[in-house]
Amino acid sequence: MKEELDSWARIKKEWQEECSRLYNEKAEEPKFTNSGIPLKPLYTHEDIQDIKCEEIGMPGIYPFTRGVSPLERRFEPIAPLPTMGYGLPEETRKRLDLYLDVPGLSGISICCDMPTYHGYDPDHPFSRGRVGQCGTSICNTQDLEKIFDGVPLDKIKVGINAPFAGLAMFALYIAYAEKRGIPPDRLKGTSDFSRMYKAAFGSHPCFKPKRAMKYIAEIVEYICKNKMTGWQGIFLDGYIIREQGGNAIHELAFVLAQSIGFTEQVIEDGFSADDCLSIMSCKLNGHNDFFEEIAKFRAFRKIWAKINREKFHCKNPESLNLKFVGTQTGGATLTAQQPLNNIVRVTVQTLAAIIGGTSWVDPAAYDEALAIPTEEAETIALRTSQILFHESNVKNVMDPMAGSYYIEHLTQKIEEEVYKMLGEIEKRGGFVKCWEDGWFRRQIEDESYKWRREVDSGKKIVVGVNKFITDTEIEVPIFRVDPRVEEIMVERVKSFKNSRDNEKVRVCLGKLREVAQNDGELMPPLLEAARADVTLGEMMDTLREVFGWHVYR
Amino acid sequence: MYIDKGIQTKIRVLLCVATIDGHDRGVKYIARKLRDAGMEVVYTTYNLIEEIVDVAIQEDVDVIGISSSTASHTTLFSDVIQSLKAKGAEDKLVIAGGVIPTADIPILKKIGVKAVFGPGTSGDEVVNFILANSDGEKNKVVK
């Protein structure tokens with residue numbers, strides 16, 4: 001042993017001498033990860049001496065640093081969960097058909113236009129110019145039918161990306177499935193419409209934070225009551241935190257704060273922490289700092305397990321092991337300049353996410369900084385994850401970076417930093433209070449501005465933007481939504497509203513208002529409304545009138 | 001503060017993004033850059049075009065910058081410029097930012113948008129454009 005140590009000390013000394021011989025005058029400029037963790041030029045076993053073997057552990061075993069299931073990488077392909085949606089619902093269906101035959105497809109996520117996203121009907125004055133742009137338009141069960149007719153809703157996971165519509169969209173979807181004869185307990189999906197808390201991180205209008213949390217928590221409660229075992233509860237979102245300019249530490253700390261906030265709400269409503277935590281899912285952002293991203297996934301699994309065991313005393317093993325941590329590669333890392341370079345960025349980000357152990361990846365299309373993707377760009381994105389998965393052999397071994405001095409050190413550093421930030425959030429009164437105070441937004445905006453100033457000064461290089469600029473830009477095809485979509489959807493919803501039983505609609509909305517005013521359970525009147533052809537916008541307008549609707553900044 | 005020939009002017013800028021759009025990262029960066037350059041910046045979110053125009057008139061701004069990243073720019077900017085004209089406020093410099101395809105820039109310029117700043121634009125570029133194209137005349141203060 002003594003000999004070994006001596007020999008290590010000798011080698012290390014030799015290396016140090018060699019370094020000073022070769023680089024003696026030049027003081028190495030300090031390097032940092034994207035989130036500001038200081039880096040040494042080299043890591044050795046000395047840097048991970050304090051890390052116990054059981055902290056690193058084994059995959060599928062608490063604290064899950066190395067992965068959520070014991071042999072996931074070998075047996076379950078990383079199935080892509082593509083996001084799609086534009087224009088008329090039937091146009092979205094056409095694009096959906098491109099994917100339905102992809103082997104191993106685990107699910108699809110339907111992208112909604114901005115009015116649907118916020119729960120407005122196409123004929124609402126705020127919707128002008130935006131119907132069918134950046135997503136498809138959904139306001140009633142007929143629109144859902146045009147998208148999902150014949151799609152096996154009990155076999156593939158469905159997400160509907162309308163974060164601010166919350167329960168109202170859930171009610172529409174359940175009412176539509178009922179029409180198809182599929183009861184809630186057979187549905188599979190993710191609650192993409194549960195992300196109203198996004199308003200804590202960006203300029204979105206929303207109910208008052210506390211009310212918004214209760215509104216979203218009711219999704220979990222409905223799932224529990226109806227034994228919807230194939231449906232994931234609250235969908236946590238780290239993606240938005242990164243897109244708004246936060247770093248990897250903000251991303252993990254704020255996602256965990258969301259989870260803590262919702263769990264506390266669900267407990268307050270009379271359910272258990274396990275009810276809430278065992279069915280959560282989460283989307284993280286696939287970003288540029290390759291090793292930091294890998295370490296981020298590892299640290300996230302570990303902190304998740306520890307917090308839920310130590311803070312909430314969870315008993316259900318599923319609560320400690322977040323099986324559905326997906327990745328969407330960062331849209332804001334893509335550049336409008338030299339857009340084809342984005343294919344390379346997306347490849348690096350996707351690779352890091354796969355090595356980090358993500359459950360699924362949604363690689364961005366290269367033209368996202370220009371417009372919504374063309375079919376060709378979307379296909380390249382899908383092929384990117386397929387090439388990585390089938391050709392690169394990275395999937396054969398679990399958690400392949402474990403034991404790397406650097407990765408283990410970085411995983412530990414990230415964990416420390418995230419705990420520090422969680423402590424700060426707790427000190428400030430928790431998720432709802434920090435949201436109300438605009439604290440999250442200030443953190444993110446400051447980080448975003450810091451990054452941007454570094455790009456402006458040339459300290460941070462963005463290829464094609466502040467370095468390696470070319471005069472001639474390659475023209476790439478741009479996807480456009482037919483502007484007549486708005487006209488068609490407005491007409492449709494108007495004639496829909498004229499042809500239904502409007503007395504029934506009035507009664508349903510009256511009931512909804514009454515329940516909302518009394519802070520009662522909203523799902524029953526919402527479902528009744530959805531069955532009576534009340535539109536998404538009408539339900540949301542009623543709730544907005546009762547709960548208020550503001551941009552908090 | 002922009003000082004030229006003894007005349008001190010402070011340029012007033014309204015920057016906004018639709019509440020229904022939500023992509024505010026770029027516009028908030030520009031807001032800080034313009035403030036750092038000595039301009040007065042009013043930042044707001046809006047639901048209806050009329051709100052932008054009314055605030056612009058009430059706050060007597062020289063420049064209106066609107067960020068749009070959800071493909072509604074053509075309708076949005078033609079509505080804004082029409083409304084400014086109807087209210088006799090067409091002298092305000094209207095600029096655009098956000099995700100706007102290059103092919104649409106000539107269309108927006110024809111409508112009356114003076115400049116379009118896409119993703120990756122440096123804040124200095126926007127500052128310089130405003131300094132070159134707006135004299136902040138309404139807020140002239142003789143030194």
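Coordinates for the structure precede this section.
Residues numbered from 1 in each chain as written. Chains lettered and ligands numbered in written order. Predicted model: local features only at pLDDT ≥ 70, side-chain atom pairs only at ≥ 80, totals over all residues. Heavy atoms only, no water.

Trainee: How would you summarise the overall build of chain A if you had to cite specific residues and measurements?
Mentor: Helix and strand counts for chain A come out as 22 helices and 12 strands. Its C-alpha atoms give chain A a radius of gyration of 24 Å, within 12% of the compact-globule value 24 Å for 553 residues. Taking the principal axes of the C-alpha coordinates as reference, chain A spans close to 90 × 60 × 45 Å. For chain A, the residues scored as buried account for 59% of the 553 residues in total. A fraction of 79% describes how many contacts in chain A between residues 6 or more apart in sequence connect residues 24 or more apart. (Helix = DSSP H or I, 4+ residues; strand = E, 2+ residues; numbered from the N terminus. Rg over C-alpha atoms; globule rule 2.2 N^0.38 Å. Buried < 20%, exposed > 50% of the residue type's maximum accessible area, 1.4 Å probe, protein only. Contact = heavy atoms within 4.5 Å.)

Trainee: Pulling in residues and values, what's your account of the interface of chain B and chain A?
Mentor: With 33 residues of chain B in contact, the opposing surface of chain A contributes 39 residues. With both chains or domains summed, chain B and chain A bury close to 3100 Å², and 50% of this area falls on carbon and sulfur atoms. Contact with chain A buries area across many residues of chain B, yet Ile20, Arg25 and Arg32 of chain B alone supply 26% of it, more than any other trio. At the boundary of chain B with chain A, the tally comes to seven salt bridges. Salt-bridge contacts for Arg128 of chain A lead to Asp79 of chain B; the nearest nitrogen and oxygen are separated by 2.7 Å. Inspection of the chain B/chain A interface yields 17 residue pairs in polar contact (both at pLDDT 80 or more). In terms of residue count, the dominant contributor to the side of chain B that touches chain A is helix 1 (residues 25–36) of chain B (six residues). Considering only residue class, the side of chain B that touches chain A consists of 11 nonpolar, 13 polar and nine charged. (Buried area = accessible area lost by both parts, 1.4 Å probe. Salt bridge = Lys/Arg side-chain N within 4 Å of Asp/Glu carboxyl O. Polar contact = N/O pair within 3.5 Å; in protein donor to acceptor, adjacent residues only side chain to side chain. Nonpolar A, V, L, I, M, F, W, Y, C, P; charged D, E, K, R; others polar.)

Trainee: Summarise the sheet that holds strand 7 (residues 115–117) of chain B; cite the residues concerned and give the values.
Mentor: Residues and elements named next belong to chain B. Strand order across the open sheet formed by five strands is 4-3-5-6-7, with parallel pairing between neighbours. Each edge of the open sheet carries a strand with a single partner, namely strand 4 (40–46) and strand 7. Strand after strand, the sheet turns through a mean of 20° between neighbouring axes, direction not considered. Note that strand 5 (residues 63–68) and strand 6 (residues 93–98) share six bridges and pair parallel. When the bridges of strand 6 are listed, Ser68 appears paired with Gly98. Strand contacts of helix 1: strand 3 (12–18), strand 4 and strand 5, with the helix running at about 170° to strand 3, the strand carrying the most contacts. Strands strand 3, strand 4 and strand 5 of the sheet are contacted by helix 2 (residues 49–58), whose axis makes an angle of about 160° with strand 4. (Pairing = 2+ DSSP bridges. Axes fitted to C-alpha atoms, helices over the stretch in contact; angles between N-to-C directions.)

Trainee: Can you explain the packing of helix 12 (residues 290–310) of chain A against helix 16 (residues 405–427) of chain A? Please cite residues and give values.
Mentor: Residue and element names in this part refer to chain A. At a closest axis distance of 8 Å, the pairing of helix 12 and helix 16 adopts a crossing angle of 55°. In terms of orientation, helix 12 and helix 16 fall into the oblique class. Of the two possible hands of crossing, helix 12 and helix 16 adopt the one that is right-handed. Contacts from Phe291, Glu292, Ile294, Ala295, Lys296, Arg298, Ala299, Lys302, Ile303, Lys306 and Ile307 in helix 12 reach Tyr406, Ile407, Glu408, Leu410, Thr411, Ile414, Glu415, Val418, Tyr419 and Leu422 in helix 16. Among the residues forming the contact of helix 12 with helix 16, the class breakdown is 13 nonpolar, one polar and seven charged. (Parallel < 35°, antiparallel > 145°, perpendicular 65-115°, else oblique. Left-handed = near helix turned anticlockwise from the far one by under 90°.)

Trainee: How would you summarise the environment of Gly97 of chain B if you had to cite specific residues and measurements?
Mentor: Residues and elements named next belong to chain B. Relative to the helices and strands, Gly97 is located in strand 6. When the C-alpha positions of Gly97 and Leu48 are compared, they lie 18 Å apart, and in sequence the two are 49 residues distant. The residues touching Gly97, leaving out its near neighbours within four places in the chain, are Ile66, Ser67, Ser68 and Phe117.

Trainee: Provide a residue-level description of the pairing of strand 9 (residues 281–286) of chain A, including the pertinent values.
Mentor: All names here are of chain A. Counted residue by residue, strand 9 has six buried out of six residues, so it is predominantly covered. Examined bridge by bridge, strand 8 (residues 231–237) and strand 9 share three bridges and lie parallel to one another. Along strand 9, the bridge assignment pairs Asp237 with Lys283. Alignment of strand 9 against strand 10 (residues 325–329), held across five bridges, turns out to be parallel. By the bridge assignment, Lys283 is partnered in strand 10 with Gly326.

Trainee: Quick rundown of the sheet that holds strand 10 of chain A? Include the residues and the values.
Mentor: All names here are of chain A. Ordered by their spatial adjacency, eight strands build an open sheet running 3-4-5-6-8-9-10-11, and the pairing between neighbours is parallel. Because the sheet does not close on itself, it has two edges, and the strands there are strand 3 (83–84) and strand 11 (360–362). Pairing geometry for strand 10 and strand 11, over three bridges, is parallel. Pairing of Gly326 across the sheet is with Trp360, part of strand 11.

Trainee: Tell me about the nonpolar core, and name the residues and values.
Mentor: With 155 residues, the main nonpolar core has Phe148, Phe170 and Phe440 of chain A as its most contacted residues. The element contributing the most residues to this core is helix 7 (residues 166–179) of chain A, with 11 residues. With residues near it in sequence (within four places) discarded, Phe440 of chain A still touches Ala200, Phe201, Phe254, Ala257, Ile425, Phe431, Cys434 and Trp435 of chain A. Counting 21 residues, the second largest nonpolar core, distinct from the first, contains Tyr449 of chain A together with Ile11, Tyr43 and Ile130 of chain B. (Core = buried A, V, L, I, M, F, W, Y, C linked by side-chain atoms within 4.5 Å.)

Keep in mind these numbers describe shape, not what the thing actually does.
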